[in-house]
Amino acid sequence: MESGVQARPVVRAGDLDGLRQIYSDVDGLVTESDEEIVRVAADWEVNVRSPWRKFLPKSIFEGFGGKTSSKLFVTNRRIVLVRDIDPWRELKGELTPLGIPTAAAKEVRLKQLRSRGVRQYCEIRPGDLRVVKKRSFDSPRSWIDLRLVSADGQQYAITLWKTDGPDQETRVLIESQFGP
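First, a word on scope: everything that follows refers to the structure included in this document. The shown structure was predicted, so the numbers you read here are calculated from the model rather than taken from an experiment. (Residues numbered from 1 in each chain as written. Predicted model: local features only at pLDDT ≥ 70, side-chain atom pairs only at ≥ 80, totals over all residues. Heavy atoms only, no water.)

1. A short note on the sheet that holds strand S1 (residues 11-14)
Spatially, S1-S7-S6-S5-S2 is the arrangement adopted by the 5 strands of the open sheet, whose pairing is antiparallel. What marks the edges here is a single partner per strand, and that holds for S1 and strand S2 (37-42). Shown here is a sheet whose adjacent strand axes are inclined to one another by a mean of 10 degrees, direction ignored. Contacts from helix H3 (residues 168-177) reach S2, strand S5 (70-75) and strand S6 (79-84), with the element oriented near 45 degrees to S5. (Pairing = 2+ DSSP bridges. Helix = DSSP H or I, 4+ residues; strand = E, 2+ residues; numbered from the N terminus. Axes fitted to C-alpha atoms, helices over the stretch in contact; angles between N-to-C directions. Contact = heavy atoms within 4.5 Å.)

See the structure below:
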C-alpha cells in the first residue's frame with residue numbers, strides 16, 4: 001500500500017528544479033510551513049559525498065575553493081546553501097583534450113541557466129541524520145566536517161566551510177542543528 005506523502009530526501013542538490021521551490025528569484029529562501037529562518041550567512045561553501053568512503057564516492061554537491069557568491073540559510077528544519085552558477089569553476093576539471101566537446105556543451109547549458117537567474121543549491125535536513133563523526137575549527141576559517149547516516153542507512157560526508165575567515169556563531173549554530 002502506498003502512502004500519499006512522498007518522502008523527502010535528507011540531502012538533495014540541483015539548480016533549475018529548485019527555482020521557486022527551494023530558493024526564490026530575488027536571492028531568498030522559500031520556506032516551508034512552520035519553518036523559520038534562524039540565520040543567513042554569506043560566503044559559505046559545502047561539499048557532499050555519499051557514501052563517505054574515499055575510493056570512488058558519489059559527489060552530490062561539489063564545493064569550490066576560493067571566494068564564492070553564496071548564501072547559507074539555517075532554519076529550524078534545514079540547512080540550505082544557494083550559490084551563483086560559475087561555469088569556469090564547473091568546467092575546469094573537464095578541460096582535457098578528450099573532454100572539450102562535453103565541456104563546451106555543459107558551458108552553454110550553464111550560461112543559459114545563469115542568464116535565467118538560476119542558482120545552484122544544496123539542501124540538508126539535519127533532523128533526519130545521525131552524526132557518526134564530527135570535526136570542526138575556526139582558524140584560519142570556520143570549517144565543519146561531518147560523517148552522517150540517514151534512517152535508511154545511507155552514508156553522507158558533509159563538509160561546510162567559510163570561504164573568507166572565521167564565523168564561529170554560524171559554525172556553532174550549524175553544529176547544533178545536527179544534535180550532540
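2. Quick word on the packing of aromatic side chains
Scanning the entire structure with this criterion turns up 2 aromatic pairs. Measuring from centroid to centroid gives 6.3 Å for Tyr23 and Tyr121, while their planes differ by 50 degrees, and the two rings are tilted. Of the two residues, Tyr23 sits in the loop between S1 and S2 while Tyr121 sits in strand S7 (residues 119-124), which places them 98 residues apart along the sequence. Per residue, the accessibility class of Tyr23 equals that of Tyr121, and both read buried. On the basis of an interplanar angle of 25 degrees and a centroid distance of 4.8 Å, the ring pair of Phe137 and Trp143 is categorised as stacked. For Trp143, a relative accessible area of 17% translates into the label buried. (Phe/Tyr/Trp six-rings, centres within 6.5 Å; stacked < 30°, edge-to-face > 60°. Buried < 20%, exposed > 50% of the residue type's maximum accessible area, 1.4 Å probe, protein only.)

3. Thoughts on the pattern of salt bridges
Should their charged atoms come close, side chains of opposite charge can pair. Enumeration over the complete set of coordinates arrives at 16 salt bridges. Asp84 is the salt-bridge partner of Arg119, the closest N and O atoms lying 3.4 Å from each other. Taken together, the positions of Arg119 in strand S7 and Asp84 in strand S6 put the pair 35 residues apart, joining distant regions of the chain. One salt bridge in this structure joins Asp145 and Arg147, with 3.0 Å as the shortest N-O distance. Comparing Asp145 with Arg147 shows no difference in burial state: the two are buried. (Salt bridge = Lys/Arg side-chain N within 4 Å of Asp/Glu carboxyl O.)

4. Concerning the sheet that holds strand S3 (residues 44-50)
Ordered by their spatial adjacency, 5 strands build an open sheet running S4-S3-S10-S9-S8, and the pairing between neighbours is antiparallel. In the strand order of this sheet, the two ends are held by strand S4 (58-61) and strand S8 (129-137), each with one partner. Taken pair by pair, the neighbouring strands of this sheet meet at an average axis angle of 20 degrees, ignoring direction. Where S3 lies against S4, 3 bridges are found, and the strand directions are antiparallel. Note that in S4 the partner of Val48 across the bridge is Phe61.

5. Topic: the nonpolar core
Ranked by size, the top nonpolar core spans 23 residues in total, and within it Val46, Ile124, Ile158, Leu160 and Ile174 carry the most contacts. For this core, the secondary structure elements donating two or more residues are S3, S5, S6, S7, strand S9 (143-150), strand S10 (155-162) and H3. Apart from the residues lying within four places of it in its own chain, the contact partners of Ile124 are Val10, Val11, Val46, Arg77, Arg78, Ile79, Leu129, Ile158 and Phe178. In terms of nonpolar packing, the next biggest core, distinct from the first, is built from 12 residues, Leu19, Ile22, Tyr23 and Phe73 among them. (Core = buried A, V, L, I, M, F, W, Y, C linked by side-chain atoms within 4.5 Å.)

6. A few points about unusual backbone geometry
For the bond from Ser50 to Pro51, the omega torsion is -10 degrees, close enough to zero to count as cis. In this structure, Pro51 sits in the loop between S3 and S4. Residues Ser139 and Pro140 are joined by a peptide bond in cis, for which omega reads 0 degrees. Inspection of the secondary structure assignment puts Pro140 in the loop between S8 and S9.

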